[in-house]
Amino acid sequence: VIAIDTSGSTQGEIVQNFIAKTYDILTTSDIFAKDMHVVILQCDAKIQEETVIHNTDELQSYLRDCTIKGYGGTDFRPVFARIEELRNAGTLPDLRGLLYFTDGIGEYPKNMPSYKTAFVMLENQKEMPEVPSWAIQMKVSMEELGR
């Protein structure tokens, strides 16, 4: 699952570059086969959009037509709740983990999920908030995102 914080702290081109870079890394590392099931969630204080990507063509279409929705406050908990709903419905039987692109400022879940979670943040932010102890905090530069 890839989650995008759409509270206003992220911008269109940065988000598109993040998704493209993430997809490149995952597909070149043989983690995924040609066919995959990647859920992309846009969320500010609530889930704004849910998209499922199965192949490169769908990804290209998503990147070309992606519109950021949200710009409200930040609450990470709805993404975790939605993932549990999808898992309980059998939609994510082989969940590998969650990558959450964010500035890190928001309400985190209190309990550790049963899957790996990484909060990915731009390293040149003024404020680098602490993530929960059960999560990984990754910092990326604008250069790494291809800007």
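The shown structure was predicted, so the numbers you read here are calculated from the model rather than taken from an experiment.

Caption draft 1: Expanded view of the pattern of salt bridges. Applying the stated criterion across every chain, the model contains six salt bridges. Where Arg64 meets Asp65, a salt bridge forms, and the shortest distance between an N and an O atom there is 3.5 Å. Across the salt bridge formed by Arg77 and Asp75, the nearest N and O atoms sit 2.7 Å from each other. Under the relative-accessibility criterion, Arg77 is labelled partly exposed at 39%. A single network of salt bridges, built from pairs that share partners, joins Glu50, Arg82 and Glu85.

Caption draft 2: Layout of the confidence of the model for the protein. In this model, the protein carries an average pLDDT of 84, and 86% of its residues clear a pLDDT of 70 or more. Of all secondary-structure elements in the protein, the lowest mean pLDDT belongs to helix 1 (residues 12-28), at 72, while helix 3 (residues 77-88) reaches the highest, 97.

Caption draft 3: Looking closely at helix 2 (residues 56-65). Residues Leu59, Tyr62 and Leu63 constitute the buried set of helix 2. For helix 2, the buried positions fall inside an angular range of 95 degrees around the axis, keeping them on one side. Exposed side chains of helix 2 directed beyond 90 degrees from the buried face belong to Asp57 and Arg64. The backbone nitrogen of Asp57 lies 3.1 Å from a side-chain oxygen of the residue at the head of helix 2, namely Asn55.

Caption draft 4: The arrangement of the environment of Gly97 in detail. On the secondary structure map, Gly97 appears in the loop between helix 3 and strand 4 (98-101). A relative accessible area of 17% means that Gly97 is categorised as buried.

Criteria and thresholds
- Residues numbered from 1 in each chain as written.
- Predicted model: local features only at pLDDT ≥ 70, side-chain atom pairs only at ≥ 80, totals over all residues.
- Heavy atoms only, no water.
- Salt bridge = Lys/Arg side-chain N within 4 Å of Asp/Glu carboxyl O.
- Buried < 20%, exposed > 50% of the residue type's maximum accessible area, 1.4 Å probe, protein only.
- pLDDT = per-residue confidence, 0-100.
- Helix = DSSP H or I, 4+ residues; strand = E, 2+ residues; numbered from the N terminus.
- Arc of directions from axis to C-beta.
- Polar contact = N/O pair within 3.5 Å; in protein donor to acceptor, adjacent residues only side chain to side chain.

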